[in-house]
Amino acid sequence: MIKLRTLPTIALLALAMLICSLAPRPATAQGAAADPFAAALERLAGGDFGQIVEGINALAALGDARAVPILRALGDNALAKRQSDQRLAILRDDGPIDAATGTRLEPADRAAYAPIGINNRVRVALRGALGRLVLFSPDDAERLAAAQGVYRSRAAENLPLIERAYAAERNPRIKAQLELALAATRLMSPDAATRRAGVDTLGASSSAEARALLVETRAAANSDAELVAAVDRALASLDFRLQIASAAQTFFQGLSLGSVLLLAAIGLAITFGVMGVINMAHGEMVMIGAYATYLVQEAIRAWAPGLADVSILIAIPAAFLSAGAFGFVLERGLIRHLYGRPLETLLMTFGLGMIVQQAVRLAFGAQNREVSSPTWMQGTIALPGGIAITQNRLWIIVFGLAVLLATVAVIRFTRFGLNMRAVTQNRPIAATMGIPTGRVDAMTFAFGSGIAGMAGVALSQIDNVSPNLGTGYIIDSFMVVVFGGVGNLAGTLVGAFILGIVNKVLEPYAGAVLGKIFVLVAIILFIQRRPRGLFALRGRFVES
Amino acid sequence: MGGPITAALAGGRAGGRAGRSLWLIWAIALAAVPLLNKLPADSPFYLSDFVVSVTGKWICYAILALSIDLIWGYCGILSLGHGAFFALGGYAIGMHLMRMIGSRGVFGHPVLPDFMVFLNWPALPWYWHGFEYFVFAAFMALAVPGTLALVFGWLAFRSRITGVYFSIITQAMTYALMLAFFRNDMGFGGNNGFTGFKDLLGIPLQTPEMRSALYVASLLALMLSFLLCRFIVSSKLGRVLVAIRDAESRVRFLGYSVTAYKLFVFTLSAVLAGLAGALYVPQVGIINPGEFSPANSIEAVIWVAVGGRGTLSGAILGALAVNGAKSWLTTVAPDLWLFVLGGLFVAVTVVLPNGLIGLLRRRKRDEGNGQ
């Protein structure tokens, strides 16, 4: 409930009383002077449009959340007077209720009530009043929208209202927005001290809108040297904070792009880096993973709608297994015949990618398929300092790192990983030790392909699921692997994040496309200096 | 690896009867198409203007295939960015053709091409000057791809980037160029590229005479490229190139400057690709950034593989065969074409490493053994 003890409230109370006493028709209900809310309601029942407008404005000035349903009912032509005693009622589908108390009214028959008509003048007043009143709405989202509304409208007459809402607000995010609104509205005040207070508050904020307001104030206040100085101080501190925020934002976007590259590149680091197989169909493995996600979603929609929020979690193993199985078949059926002939492998897998793409296009159609995010991945997290982070991007960063750790764990700590390392390090000796090298090759390739499939799950959240989904990432992921150093997962991690961040840092200066070109050129030049990437393998593996 | 070497040598010494019949094929192809085009339209042997253009287009592809075969088949350099050199040559001629439109464009501007008027460009950018002269544009069509290949190759070969690494960075190069040419502010027409050409050397491009002339020019260019490549691969230089392909380190240790050899042949190959692009654009009437797409370059590589890498006639045969099949299949069953193309990639690498020419040779040898 709203505290009624603040000074402006008392002033408003007095104002309301004044209006009441000046009213041409005195209130009929008992205790009208003591309850301004009831008094304002009386005016709605008053009869002519002028009185209704006065009543609306009085209700708006009170800032009482109880008024919101009443005013809405008025706008919907659902507010009526009981014929017998002029009592205000809201006509709901399930029967009339008392406008003031919310209790049921008798008789239930609609004929016993006379609706209150409205005209355009009343509608305009209603809209304004509702806009201000939702500042006191119990719903957080409505209050936030209202706070943004008053911030944008910057009307000096809203000031007492915003002050009251600010004092009463508990939600920190809405409170911050209200503080901005308060400051912005104060700038409009005729009082110099109030204006300066507004400037200081804006200077302590970190929103780009506040900056525009300050610049505007500075231009308008050229005669007032003190105010100009205050604005300049505020601008300097605001700009500093904005820069930090934008740097942090860019960094986050870079991490996010980097984690996408990382996901696409881990699988490649296994198949290309560890096995030396150039797989140009790697992008198609990613695409298979994305379509597996889509199919899981559709299956859950059809048979178990209750599981919709965990569909993506079910999709992860599904994508891993489907892409992995495809990789297994591909290795056993074709790639193993081409070991030691990398250029042929490259061409063969490229052709295979074309076939897979075309097959998916014929099976699912060329148009994009929609994969929806679960509710827990939607929305944004607002950090202090005006930094906004979209949740699904954050989850992809987490997912990318988790996949990397899992991959490292598999290679390091499992029997399969041990075999894999043995085969890549020395195939004949591994074979003499009884390791089935052929099967290990197939499993390794399937493992790398499965990871690509999991990348497809992540990409389905931020990109269109279409047959050529993987094509856009294949060159970038090869760049990551080459840049980071072939056969080195740490290099892949660092390479992916460096490329992601550099791309995003360049973007504002050069545009997305030119930034990408710069990065490609930079990598080509970088390979001049370190032909074996950032983290070059040393020793006996180098020439093999 | 013995197979390709002997094949190369055989291709190099193409003389005797086989050589003479080859010349006959060349001469017939040169004369027949324009002549049949001259026949009355109701004659059963009449070739439409469309067929002349399409065949001319394939011949340009054959030049591109030849240029790829020269470096891949004979020097082991697999470039997945040759489409970029092709497209650059095409853009150079495209710039000339755009200038020749003059005030006949949609906006009727006497100097600026339509897209520049549309984008409110005040004047012609500096790099567009000179392209109003055909000789300059023709020179640039060869010089720009050549220079790019020289710089790019020098950077790559100097630091001994070989094998798949070279393939990947050439692919990145053409990808970067594609992104760049898609931009409107590059001054090359952005997404739409150049089109709406009117005439070349004062003759409208749409006339049958011009089409035949372009066809003949393309075929002559193919012949000259073929002769040049054959001269190179059968010379001592060609032996060194094959040696580099088969054992690069050994050649280096023997005292040859591997970098210089590779750079020379890579640059020459890029110039040939540029020539192909320059002849291609007037015949198809359009050039846009899609020509830079990595898929185009890799498709050209597969022509060579289908025909038979390491044999010059194989490259030509492959380009004609694959494009012929493409033209036919994309009208008969468009959905199937990508399966066939993809299948070709798999087939030539797994079961037919020496391509069609290898298949023909094997059959001939088997027959010889049978007798």
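Keep in mind the model is a prediction, meaning the values are calculated, not measured. (Residues numbered from 1 in each chain as written. Chains lettered and ligands numbered in written order. Predicted model: local features only at pLDDT ≥ 70, side-chain atom pairs only at ≥ 80, totals over all residues.)

This part is about the overall build of chain B. In terms of regular secondary structure, chain B is built from 15 helices and 4 strands. For 371 residues, the compact-globule formula gives about 21 Å, and the C-alpha radius of gyration of chain B, at 21 Å, lands near that figure. With the C-alpha coordinates of chain B rotated into their principal frame, the extents come out at 70 × 60 × 40 Å. Considering only residue pairs separated by 6 or more positions, chain B has 77% of its internal contacts joining residues 24 or more positions apart. (Helix = DSSP H or I, 4+ residues; strand = E, 2+ residues; numbered from the N terminus. Rg over C-alpha atoms; globule rule 2.2 N^0.38 Å. Contact = placed C-beta atoms within 7 Å.)

Quick look at the overall build of chain A now. Looking only at helices and strands, one finds 20 helices and 6 strands in chain A. Per-residue burial for chain A yields a buried fraction of 43% across its 544 residues. In chain A, once contacts between residues fewer than 6 apart in sequence are set aside, the share between residues at least 24 apart is 68%. (Buried ≥ 20, exposed ≤ 12 C-beta atoms within 10 Å, placed from the backbone.)

Below, the discussion takes up the confidence of the model for chain A. All names here are of chain A. Residue-level pLDDT values for chain A average 79, and 89% of them are 70 or greater. Per-residue pLDDT, averaged within each element of chain A, yields its smallest value for helix α1 (residues 7-22) (52) and its largest for helix α13 (residues 311-333) (91). Within the model, the stretch residues 1-5 combines pLDDT values under 50 with 6 contacts to residues more than four positions away or in other chains. This model gives residues 538-544 a pLDDT under 50, and the stretch forms 1 contact once residues within four places in sequence are excluded. (pLDDT = per-residue confidence, 0-100.)

Residue and element names in this part refer to chain A. Strands sit in the order β3-β2-β1-β4 across an open sheet of 4 strands; the sheet is antiparallel. Two strands in the sheet have a free side with no partner beyond their single neighbour: β3 (95-98) and β4 (113-115). Across the sheet, the axes of successive neighbouring strands diverge by a mean angle of 40 degrees, strand direction being ignored. In terms of strand pairing, strand β1 (residues 79-82) meets β4 through 3 bridges, oriented antiparallel. Bridge pairing in β4 places A80 opposite P115. (Pairing = 2+ DSSP bridges. Axes fitted to C-alpha atoms, helices over the stretch in contact; angles between N-to-C directions.)

Across its 17 residues, helix α14 (residues 334-350) of chain B extends 25 Å between first and last C-alpha, which sits within 8% of the 24 Å expected from 1.5 Å per residue. Listed as buried for α14 of chain B are L341, G342, L344, F345, V346, V348 and T349 of chain B. (Expected span 1.5 Å × (residues − 1).)

Here we take up the packing of helix α11 (residues 225-274) of chain A against helix α15 (residues 391-413) of chain A. Residue and element names in this part refer to chain A. With their axes 9 Å apart at the nearest point, α11 and α15 run at an angle of 35 degrees to one another. In the packing of α11 onto α15, the handedness of the crossing is left-handed. Between α11 and α15, the residues in contact are L255, S256, S259, V260, L262, L263 and I266 and R393, I396, I397, G400, V403, L404 and T407, respectively. Across the contact of α11 with α15, the residue classes tally to 9 nonpolar, 4 polar and 1 charged. (Left-handed = near helix turned anticlockwise from the far one by under 90°. Nonpolar A, V, L, I, M, F, W, Y, C, P; charged D, E, K, R; others polar.)

Take the pairing of β1 of chain A next. All names here are of chain A. Across 3 bridges, the pairing between β1 and strand β2 (residues 88-92) is antiparallel. Across the sheet, residue L79 finds its bridge partner in β2, namely I90. Connecting β1 to the antiparallel partner β2 that follows it, the hairpin turn spans 5 residues, and Q86 within it adopts a positive phi of roughly 65 degrees.

Here we take up the interface of chain A and chain B. Note: interface size is frequently given as the accessible area lost on complex formation between the parts. Contacts between chain A and chain B engage 30 residues on the former and 34 residues on the latter. Going through the elements one at a time, α14 (342-364), α19 (471-484) and α20 (489-529) of chain A are the ones with two or more residues in the side of chain A that touches chain B. Per-element tally for the side of chain A that touches chain B: the top contributor is α14 of chain A, with 13 residues. Grouping the constituent residues of the side of chain A that touches chain B by class yields 24 nonpolar, 4 polar and 2 charged.

This part takes up unusual backbone geometry. All names here are of chain A. We note that N77 has phi near 60 degrees; this positive angle belongs to a residue other than glycine. Looking at the element boundaries, N77 is found in the loop between α4 (67-75) and β1. Residue N77 is classed as exposed on the basis of its C-beta count, with 12 C-beta atoms lying within 10 Å.

Right, let's get into the confidence of the model for chain B. Residues and elements named next belong to chain B. Model confidence for chain B is summarised by a mean pLDDT of 83, while 93% of its residues fall at 70 or above. Mean pLDDT across the secondary structure elements of chain B bottoms out at helix α1 (residues 2-12), with 41, and peaks at helix α11 (residues 258-284), with 93. The complex prediction reports pTM at 0.71, with the ipTM value standing at 0.80.

Once that is clear, we can look at the nonpolar core. Core analysis: the biggest nonpolar cluster contains 187 residues, and A65, L66 and V301 of chain B have the highest contact counts within it. With 16 residues, helix α3 (residues 49-75) of chain B is the single largest residue contributor to this core. Once you skip the residues sitting within four places of it in the chain, V301 of chain B turns out to touch L347 of chain A together with I68, W72, L78 and L80 of chain B. (Core = buried A, V, L, I, M, F, W, Y, C linked by C-beta atoms within 7 Å.)

A word on α11 of chain B. Residues and elements named next belong to chain B. In a regular helix each residue adds 1.5 Å, so 27 residues correspond to 39 Å; α11 covers 39 Å between its end C-alpha atoms and thus fits that length. Among the 27 residues that make up α11, 20 are buried, leaving the element largely enclosed by the rest of the structure. Note on α11: the residue one or two positions beyond its end, G285, has a positive phi of about 75 degrees.

All names here are of chain A. Direction vectors running N to C along helix α2 (residues 36-44) and helix α3 (residues 49-62) enclose 155 degrees, while the axes themselves pass 7 Å from each other. Our classification of the angle between α2 and α3 gives roughly antiparallel. Note on packing geometry: the crossing formed by α2 with α3 is left-handed. Contact with α2, carried on its side by P36, F37, A40, R43 and L44, involves Q51, I52, E54, G55, A58, L59 and L62 of α3 and no other residues of that element. Considering only residue class, the contact of α2 with α3 consists of 8 nonpolar, 2 polar and 2 charged. (Parallel < 35°, antiparallel > 145°, perpendicular 65-115°, else oblique.)

In this section: the environment of L62 of chain A. Residues and elements named next belong to chain A. As for its placement among the helices and strands, L62 is situated in helix α3. Residue classification places L62 among the buried positions, given that 23 C-beta atoms sit within 10 Å. Spatially, the C-alpha atom of L62 lies 8.6 Å from that of L161, the residues being 99 residues apart in sequence.

Moving on, we get to the environment of M479 of chain A. With respect to the helices, strands and loops of the structure, M479 of chain A is situated in helix α19. When the C-alpha atoms of M479 of chain A and P436 of chain A are compared, they prove to be 32 Å apart, with 43 residues separating the residues in sequence. The contact partners of M479 of chain A, leaving out residues within four places of it in the chain, are L499 and I523 of chain A together with A172 of chain B.

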